[in-house]
Each structure stands twice: as structure tokens, then as C-alpha cells.
Amino acid sequence: MSDGSKFLVDAQGINFKDNVRRYFIYGYIDDPEISKIEIIDKYNQVIGGTIIQTNWKRVFYSLVEMNELRLTAYDKNNRMITEIPRITTHD
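**Describing the pattern of salt bridges**
Okay, step 1: Summed over the entire model, instances satisfying the criterion amount to five salt bridges.
Okay, step 2: One salt bridge in this structure joins K57 and D30, with 2.7 Å as the shortest N-O distance. Pair noted here: K57 is in the loop between β4 (46-53) and β5 (58-64) and D30 is in the loop between β2 (21-29) and β3 (36-40), with a separation of 27 residues, a long-range link.
Okay, step 3: Looking at D30, the relative accessible area reads 41%, which means it is partly exposed.

**A look at the pairing of strand β1 (residues 7-15)**
Okay, step 1: Looking at chain direction, β1 and β2 are connected through nine bridges and run antiparallel. Across the sheet, N15 pairs through a bridge with R21, a residue of β2.
Okay, step 2: The turn linking β1 back onto β2 is made up of five residues, and N19 within it adopts a positive phi angle of 65°.

**Quick notes on the side chain of E65**
Okay, step 1: Within the secondary structure layout, E65 lies in the loop between β5 and β6 (68-74).
Okay, step 2: Buried within the structure, E65 lacks any salt-bridge partner; its nearest side chain of opposite charge belongs to R22, at an N-O separation of 4.0 Å.
Okay, step 3: A polar contact of 3.0 Å, which involves the side chain of E65, links it to the side chain of Y43.

**Examining the environment of P32**
Okay, step 1: Secondary-structure assignment places P32 in the loop between β2 and β3.
Okay, step 2: Sequence spacing of P32 and R58 is 26 residues, and the spatial spacing of their C-alpha atoms is 8.7 Å.

**Brief notes about the side chain of D41**
Okay, step 1: With respect to the element layout, D41 can be found in the loop between β3 and β4.
Okay, step 2: Separated by 2.8 Å, the side chain of D41 and the backbone nitrogen of Y43 make a polar contact.
Okay, step 3: Filtering out sequence-adjacent residues up to four positions away, D41 remains in contact with I47, V64 and E65.

Conventions used here
Residues numbered from 1 in each chain as written. Predicted model: local features only at pLDDT ≥ 70, side-chain atom pairs only at ≥ 80, totals over all residues. Heavy atoms only, no water. Salt bridge = Lys/Arg side-chain N within 4 Å of Asp/Glu carboxyl O. Helix = DSSP H or I, 4+ residues; strand = E, 2+ residues; numbered from the N terminus. Buried < 20%, exposed > 50% of the residue type's maximum accessible area, 1.4 Å probe, protein only. Pairing = 2+ DSSP bridges. Lys, Arg positive; Asp, Glu negative; His and termini not counted. Polar contact = N/O pair within 3.5 Å; in protein donor to acceptor, adjacent residues only side chain to side chain. Contact = heavy atoms within 4.5 Å.

Just geometry here; none of it tells us what the structure is for.
The following block contains the structure:
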């Protein structure tokens, strides 16, 4: 999934021992203005994505329970830069 130019997102579902399906959300950030990633979980709680600088690009990740992907990226002034539309998970 992509917003078209600022970052790319992928998700992998994982079943844990507690029989809860969680999703490892990860991707790279191609916009230097993005300083915060937020993902809405299935309980409508905001889960922050961890951003890491690598030799290649900045990457982010998070582990959430969700029924659909709802991800928003913000700048350092907490202004929304871009978002990934709601995409339902199918696994």
C-alpha cells in the first residue's frame, strides 16, 4: 500500500499463542517532513509507529490488532502530511 509518493506500507498477519491475530505494519518513509506515524487499531486506539533511520531510508514499524489499515503520517508540528485510506484485512 502506498500514498503514491511519500511512503510505502506493508502488513503481515501473525497469529500469537493467545489466539489473537496481530499485524506487523512496516514500510519506508520517502518524505523528510514525516516525523510521526499513527495507526488506528481495531479498538480505535492510536498506536504509534517506531521510526528508524537506516543507511538506505527511514523505515517504520508497529504491531497492532486491526480489521482494516488506517495509517496517518504527521510532521513535527503535528500537521497531517498524508494518510493511507482504510483498507480491510482479508486473512
